[in-house]
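If you want the building blocks of each chain, they are given just below.
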Amino acid sequence: MFSNNNTLLKTGDWIKAKSWDGELIIGYIEALSSIEGVLKVKVVTSDNNQTVGKTIPIISQQVKKLPVSNVTNKAQIEFLLDLALLTGDKEWFLALSSELNAMKQLVNGVHSEQ
């Protein structure tokens, strides 16, 4: 774990940062580098489309940890499913699929009771 302005950063955390070239990046920490203060970040979205999908090094002081968000609706889950596919995260994809199926069953149960 690395510390950044009293915030603990760890593998899997979603972050917002500026790249070496000043581009806005949103992604998640894939690994903590052996070089002190450097994170390896998987870029999910960026001002520079050429970096999307790549893992790049970022200095931890340039990183802002994004708050954990609770998924509350079908559209959010579908967006996250697309993101899981884009990043190749099979475990996350399966967990989200299960959550979406549970949501559909709940909705179908409510409609069948009426």
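Nothing here was measured: the structure is a model prediction, and the numbers come from that model.

What is the right way to read the environment of Ser46 from this model?
Following the sequence through the fold, Ser46 ends up in strand 5 (residues 38–46). The class of Ser46 is buried, set by a relative accessible area of 11%. Each C-alpha atom of the pair Ser46 and Lys16 lies 9.7 Å from the other, and the pair is 30 residues apart in sequence. For Ser46, the side chain forms a polar contact with the main-chain oxygen of Leu24, separated by 3.2 Å. A polar contact is formed between the side chain of Ser46 and the side chain of Thr51, at a distance of 3.3 Å.

Can you help me understand the pattern of salt bridges in this one?
Once their charged atoms are close, side chains differing in charge can pair, the charge on each being opposite to the other. All told, the structure shown has three salt bridges when counted by the stated rule. Across the pair Lys10 and Asp13 runs a salt bridge whose closest N-O atoms are separated by 3.3 Å. Measuring nitrogen to oxygen at the nearest pair gives 3.7 Å for the salt bridge that ties Asp13 to Lys65. Of the two residues, Asp13 is situated in the loop between strand 2 (7–9) and strand 3 (14–18) and Lys65 in strand 7 (residues 63–65); the sequence distance between them amounts to 52 residues.

I keep staring at helix 1 (residues 74–87) and nothing clicks. Help me out?
It helps to recall that an α-helix has 3.6 residues per turn; residues three or four apart then point in one direction. An ideal rise of 1.5 Å per residue puts 20 Å on 14 residues; helix 1 measures up with 20 Å between its terminal C-alpha atoms. Turning to helix 1, its buried residues are Ile77, Leu80, Leu81, Leu83, Ala84 and Thr87. Relative to the axis of helix 1, the buried residues are bounded by an arc of 165 degrees and lie together on one face. Facing away from the buried side of helix 1 by over 90 degrees, the exposed positions are Ala75, Phe79, Asp82, Leu85 and Leu86. The N-capping residue of helix 1, defined by a side-chain oxygen 3.1 Å from the backbone nitrogen of Ala75, is Asn73. Positioned one or two residues after helix 1, Gly88 has a phi angle of 70 degrees, which is positive.

Cut-offs and rules
- Residues numbered from 1 in each chain as written.
- Predicted model: local features only at pLDDT ≥ 70, side-chain atom pairs only at ≥ 80, totals over all residues.
- Heavy atoms only, no water.
- Helix = DSSP H or I, 4+ residues; strand = E, 2+ residues; numbered from the N terminus.
- Buried < 20%, exposed > 50% of the residue type's maximum accessible area, 1.4 Å probe, protein only.
- Polar contact = N/O pair within 3.5 Å; in protein donor to acceptor, adjacent residues only side chain to side chain.
- Salt bridge = Lys/Arg side-chain N within 4 Å of Asp/Glu carboxyl O.
- Expected span 1.5 Å × (residues − 1).
- Arc of directions from axis to C-beta.

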